[in-house]
Amino acid sequence: MLGTDFVTGSPNWLDLGSPDTDAAAAFYGAVLGWQFVSAGPETGGYGFFQVDGKTVAALGPLTEEGARSAWMIHFKTEDIAATVQAVTAGGGTVRMEPMDVMGEGMLAQATDPQGAQFALWQPGRTAGLELTSAPNTLLWVELHATAPEADIAFYQGLFGWRSQDMQAPGMTYRVLSTSAGDQQDASFGGVAPLNAGEGEQPRWVPYFHSTDVDATIDSARSNGGSVLMPAADVPEVGRIAWLADPFGAAFALLKPDPQM
C-alpha cells in the first residue's frame, strides 16, 4: 500500500478536475468526510482536500479544452525534463510541457500510448500528499489497459517499475512496484485488462480506503453519485466497489482484507 516516503515512480499527488468545484467539494465532503481548503485567489480556484489537517487530494476547475471530469494521478520524477522525453520516445504524448508551480514543484501532463492520462510531479517545496492508506485516503492506483504488457513496458521506460502477475477471477492482474526495495513492500497499484468492447476507455483509477464500503456507496448515491460496479468481496484483497461522482469522475473504494 502507499506511503508518503515517495520514490521515483511513486504516485505522489492526486487531483480532480471538475466543471463545478463547489459541488464537487460538497460531494466528497459528504461521502468521504474531506474538508476543502482553497490554495488562494492566485490559483484559479485550486485547493486541497484534507483529513485531520493533512492534504489527501486536490481539486481544481477543468483547464483543457474538451476535458471531462476525472481524477488525475501524478507520479514522482526527479528529472521531469528527462521523463517527458521518455514519454515521447515510448510512444506517449505530452499534453502539457513541464512548468513551475510557484516553487512547489514542476508539473507536466501526459497520455500513455493506449490513451490513459497521467501527470508527472517533480517535488519542490511540496513532496506530495501528506496522508495515504488511512481511512478515506488514497491507498492504491489501477491502470485499465487494452494491452497490459505493452503499457507496463512503457511505464517501465519512464520509472523502472516492476510487475508481478497475479491470477484473479477471469483475468491476470499485474501488481506494480517501484524499482527499489522489496517488491511486495514497494507495491502501489496494478494493471487490469480492459475489454474495449464494453465501452470503457484506458484510464487510471484511484482507490480510496473505506472502512465501510456499503455505507459509503449509500452516501454517494444520496449525494448524486452513481455505482459503476457494485460492492464485491475479492479473496485476499478485500471488499471493493467502483463509483462515479455527480460529474462522472470515476473512483474506487477498497476495504482491505485484514490479513493483507
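Throughout what follows, the structure given in this document is the object of discussion. Everything numeric in this text was worked out from a predicted model, so none of it was measured.

1. Some words on the pattern of salt bridges
- Applying the stated criterion across every chain, the model contains seven salt bridges.
- Residue Asp214 pairs with Arg239 through a salt bridge whose shortest N-O separation is 2.8 Å. Of this pair, Asp214 sits in helix H4 (residues 213–222) while Arg239 sits in strand S15 (residues 238–244); the two residues are 25 residues apart in sequence, bridging distant segments of the chain.
- What makes Asp214 partly exposed here is its relative accessible area of 36%.
- Relative accessible area serves as the criterion here: at 22%, Arg239 is assigned to the partly exposed category.
- In this structure, Arg239 and Asp233 form a salt bridge, with 3.1 Å as the shortest nitrogen-oxygen distance.

2. Let's talk about the sheet that holds strand S3 (residues 47–51)
- An order of S2-S3-S4-S1-S5-S8-S7-S6 is seen for the eight strands of this open sheet, with the pairing classed as mixed. The open sheet has two edge strands, strand S2 (35–38) and strand S6 (93–100), and neither has a second partner. Across the sheet, the mean angle from the axis of one strand to that of its neighbour is 30°, orientation sign disregarded.
- For S6 and strand S7 (residues 105–111), the ladder comprises five bridges, and the chain directions are antiparallel.

3. Considering the pairing of strand S16 (residues 250–256)
- Counting buried positions along S16 gives five out of seven residues, so the element sits mostly inside the fold.
- Where strand S13 (residues 203–209) lies against S16, three bridges are found, and the strand directions are parallel. Its bridge partner lying in S16, Phe208 is registered against Leu253.
- Looking at chain direction, S15 and S16 are connected through seven bridges and run antiparallel. Across the sheet, Ala244 pairs through a bridge with Ala250, a residue of S16.
- Once S15 ends, the chain turns through five residues before running back antiparallel as S16, passing Gly248 with a positive phi of about 95°.

4. Some details on the side chain of Thr77
- Structurally, Thr77 is set in the loop between strand S5 (70–76) and helix H2 (80–89).
- We classify Thr77 as buried; its relative accessible area is 3%.
- Among the polar contacts listed, one links the side chain of Thr77 to the backbone nitrogen of Asp79, at a separation of 3.1 Å.

5. Side note on the layout of surface pockets
- Empty space within the largest pocket amounts to approximately 1600 Å³.
- In this structure, the largest pocket is lined by 50 residues; those nearest its centre are Asp15, Gly17, Ala70, Met72 and Gln109.
- Those elements giving two or more residues to the lining of the largest pocket turn out to be strand S1 (11–18), S3, strand S4 (54–61), S5, S6, S7, strand S8 (117–123) and S13.

6. Concerning the pairing of S3
- In terms of burial, S3 is a largely internal element, four of the five residues being buried.
- As paired elements, S2 and S3 share four bridges and run antiparallel to each other. Looking at S3, one finds that Phe36 is bridged to Phe49.
- As paired elements, S3 and S4 share five bridges and run antiparallel to each other.

7. Quick notes on unusual backbone geometry
- Positive phi, close to 55°, is recorded for Asp52, a residue that is not glycine.
- By the secondary structure assignment, Asp52 is in the loop between S3 and S4.
- What makes Asp52 exposed here is its relative accessible area of 77%.
- You will see that Asn136, though not glycine, has its phi angle at about 65°, which is positive.
- Secondary-structure assignment places Asn136 in the loop between S8 and strand S9 (138–145).
- According to the relative accessible area criterion, Asn136 is partly exposed, its value standing at 25%.

8. Some words on the nonpolar core
- In this structure, Tyr28, Trp34, Phe49, Trp71, Phe118, Tyr155 and Trp204 are the most contacted members of the largest nonpolar core, which totals 55 residues.
- In terms of residues, this core owes the most to one element, helix H1 (residues 21–32), which gives six residues.
- Ranked by size, the runner-up nonpolar core spans eleven residues in total, among them Tyr173, Ile240, Trp242 and Leu254.

9. Side note on the sheet that holds strand S10 (residues 162–168)
- Sheet architecture is open: eight strands sit in the order S10-S11-S12-S9-S13-S16-S15-S14, paired in mixed fashion. Every other strand in the sheet has two partners, leaving S10 and strand S14 (226–234) as the edge strands with one partner each. The average undirected angle you get between the axes of adjacent strands in this sheet is 25°.
- Bridging between S10 and strand S11 (residues 171–177) involves seven bridges; their strand directions are antiparallel. Paired with Gln164 across the two strands is Val175, which belongs to S11.

Cut-off values and rules
Residues numbered from 1 in each chain as written. Predicted model: local features only at pLDDT ≥ 70, side-chain atom pairs only at ≥ 80, totals over all residues. Heavy atoms only, no water. Salt bridge = Lys/Arg side-chain N within 4 Å of Asp/Glu carboxyl O. Helix = DSSP H or I, 4+ residues; strand = E, 2+ residues; numbered from the N terminus. Buried < 20%, exposed > 50% of the residue type's maximum accessible area, 1.4 Å probe, protein only. Pairing = 2+ DSSP bridges. Axes fitted to C-alpha atoms, helices over the stretch in contact; angles between N-to-C directions. Polar contact = N/O pair within 3.5 Å; in protein donor to acceptor, adjacent residues only side chain to side chain. 1 Å grid on protein atoms, 1.4 Å probe; cavity = no way out; pocket = protein on both sides within 12 Å on 5 of 7 lines; lining within 4 Å. Points joined across faces, edges and corners; volume = space filled by probe spheres on them. Core = buried A, V, L, I, M, F, W, Y, C linked by side-chain atoms within 4.5 Å.

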